[in-house]
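Geometric and topological summary
Each chain, letter by letter, is given below.
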Protein chains: 2
Amino acid sequence: MNDQDRRSMPLFSIGIVIKLTELTARQIRYYEEHQLIAPERTSGNQRLFSFNDVDKLLEIKNLLDNGLNIVGIKFLLTEQEKTELKQQKAPDLTKKELKQILKNELTEAGKYGKVSLRQGELSRFFVKH
Amino acid sequence: MNDQDRRSMPLFSIGIVIKLTELTARQIRYYEEHQLIAPERTSGNQRLFSFNDVDKLLEIKNLLDNGLNIVGIKFLLTEQEKTELKQQKAPDLTKKELKQILKNELTEAGKYGKVSLRQGELSRFFVKH
DNA sequence: CAGTCCATGTTAGATAAACTTACATCAATT
DNA sequence: AATTGATGTAAGTTTATCTAACATGGACTG
């Protein structure tokens, strides 16, 4: 079992994720509804979140705090996953530009103190790298 | 937050622990009843297990497979915790001897192929050391 | 070999946690 | 003023977990 397996293993009930992220159940379900995350389900249809899911939720929270909307966040997260898959193909310029713009905005926001308490990626604290 | 905090953080419902350890709910509750583990509880009284708890359960499973009984396992776990607290005080001879005997038995069992699939300590796979 | 004990199985009934759906709210846009 | 996006909230249902009690089966013991 490698790191990626560990990070994507369904482990946490929504109750725990609420505590870890300080999001509400409503928020978490809304983000799923809009396909920012896709947690597993138990045989009885209850959500089971992985470290990756929690990481994403923390990132979503940050980005929302910085004024991005769901669509923009979805874009960022998707791009991020592509990058992590190390696909070195020539990226779509439009998307790449958007990504850059969004990242710049976020960075600027940080400079002006809009970034709340650093919501780091949870799994960095738990999963070996 | 340090490693020990992470390892003792209440994260997992009993359903997840059942899958992680391949123990039954009955077994897990029985071990708690006999104070081999002491998982946290939600406000509604449902158990929440930490990495440490899961580690202990895997160890309990191993020791049971090797013929130890609950009392012996409790002894071992207690001793182990003391050791981990780095208490360098002169140990109680009787207990030390028992520990040695039990460990030897376990080792011997291993030699004769009685040790099933190595149920390592879960958190070694998850928590940074 | 009948009786105990230990670890676990099983069942019942109760409670907590989570689910979906629908409607409400409220700030920001249009 | 109307619309939209993100979230709150409530109702009703289903799933997960809880405790308590009794059942079982193998290992030991007198």
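Preceding this section is the structure that the text describes.
Okay, the nonpolar core next. The biggest cluster of nonpolar side chains holds 50 residues, and the ones touching the most others in it are A:Phe12, A:Leu57, B:Phe12 and B:Leu57. Mapped onto this core, the elements with two or more residues apiece are helix H2 (14-21), helix H3 (25-33), helix H4 (51-65) and helix H5 (70-84) of chain A together with helix H2 (14-21), helix H3 (25-33), helix H4 (51-65) and helix H5 (70-84) of chain B. When near neighbours in sequence (up to four residues on either side) are disregarded, B:Phe12 contacts A:Leu11, A:Phe12, B:Val17, B:Arg47, B:Leu48, B:Phe49, B:Ser50, B:Phe51 and B:Val54.

Once that is clear, we can look at unusual backbone geometry. Residues and elements named next belong to chain A. Positive phi, normally seen in glycine, also occurs at Gln-35, with a value near 60 degrees. Relative to the assigned elements, Gln-35 resides in the loop between H3 and strand S1 (40-41). What makes Gln-35 exposed here is its relative accessible area of 57%.

Another aspect to go through is H3(A). Because an α-helix packs 3.6 residues into every turn, residues spaced three or four apart end up facing the same way. Residue and element names in this part refer to chain A. What H3 keeps buried is the set Ala-25, Ile-28, Tyr-31 and Glu-32. An end-on view of H3 places all buried positions within 135 degrees of arc, on one side of the element. Turned more than 90 degrees off the buried face of H3, the exposed positions are Arg-26 and Glu-33. Where H3 is buried, its residues touch H2, S1, strand S2 (47-48), H4 and H5.

It is worth spelling out the protein's contact with DNA strand D at this point. Around DNA strand D, the structure places 19 residues, and the nearest of them are A:Thr24, A:Arg26, A:Tyr31, A:Ile70 and B:Arg47. Close to the protein, within 4 Å, the atoms of DNA strand D are drawn from sugar and phosphate at a rate of 75%. For DNA strand D, a phosphate oxygen lies 3.1 Å from a polar atom in the side chain of A:Tyr30. Take A:Ile70: an N or O atom from its main chain is 2.9 Å from a phosphate oxygen of DNA strand D. Counting residues per element, the surface near DNA strand D draws most heavily on H3(A), at 4 residues.

We now examine the pattern of salt bridges. Taken as a whole and assessed by the stated rule, the structure comprises 12 salt bridges over all chains. For B:Asp3, the salt bridge identified is with B:Arg6, shortest N-O distance 2.9 Å. One end of the pair, B:Asp3, and the other, B:Arg6, are both in helix H1 (residues 3-7), 3 residues apart, so they sit about a helical turn from each other. Since its relative accessible area comes to 9%, B:Arg6 is described here as buried. Overlapping salt bridges bring together A:Glu32, A:Arg41 and A:Arg47 as one network.

Looking now at the protein's contact with DNA strand C. Among the 19 residues in the neighbourhood of DNA strand C, the closest are listed as A:Arg29, A:Arg47, B:Thr24, B:Arg26 and B:Tyr31. Sugar plus phosphate, as a fraction of atoms of DNA strand C within 4 Å of the protein: 76%. For DNA strand C, a phosphate oxygen lies 2.7 Å from a polar atom in the side chain of B:Thr24. Within the contact set of DNA strand C, a phosphate oxygen lies 2.9 Å away from a backbone nitrogen or oxygen of B:Ile70. Going through the elements one at a time, H2 of chain A together with H3 of chain B are the ones with two or more residues in the surface near DNA strand C. The biggest single contributor to the surface near DNA strand C is H3(B), with 4 residues. Of the residues belonging to the surface near DNA strand C, the class tally is 5 nonpolar, 10 polar and 4 charged.

For the structure on display, the rule yields 5 aromatic pairs over all chains. Each ring, one from B:Phe12 and one from B:Phe51, has its centre 5.2 Å from the other, and the planes form 80 degrees; the classification is edge-to-face. Note that B:Phe12 is positioned in the loop between H1 and H2 and B:Phe51 in helix H4, a separation of 39 residues in sequence. In this structure, B:Phe12 and B:Phe51 share a single accessibility class: buried. With a centroid separation of 6.3 Å and 65 degrees between ring planes, the pair formed by B:Tyr30 and B:Tyr31 is classed as edge-to-face. The class of B:Tyr31 is buried, set by a relative accessible area of 4%. Among the aromatic residues, those joined into a ring-pair cluster are A:Phe12, A:Phe51, B:Phe12 and B:Phe51.

The rules we used
Residues numbered from 1 in each chain as written. Chains lettered and ligands numbered in written order. Predicted model: local features only at pLDDT ≥ 70, side-chain atom pairs only at ≥ 80, totals over all residues. Heavy atoms only, no water. Core = buried A, V, L, I, M, F, W, Y, C linked by side-chain atoms within 4.5 Å. Buried < 20%, exposed > 50% of the residue type's maximum accessible area, 1.4 Å probe, protein only. Helix = DSSP H or I, 4+ residues; strand = E, 2+ residues; numbered from the N terminus. Contact = heavy atoms within 4.5 Å. Arc of directions from axis to C-beta. Near = heavy atom within 4 Å. Polar contact = N/O pair within 3.5 Å; in protein donor to acceptor, adjacent residues only side chain to side chain. Salt bridge = Lys/Arg side-chain N within 4 Å of Asp/Glu carboxyl O. Nonpolar A, V, L, I, M, F, W, Y, C, P; charged D, E, K, R; others polar. Phe/Tyr/Trp six-rings, centres within 6.5 Å; stacked < 30°, edge-to-face > 60°.

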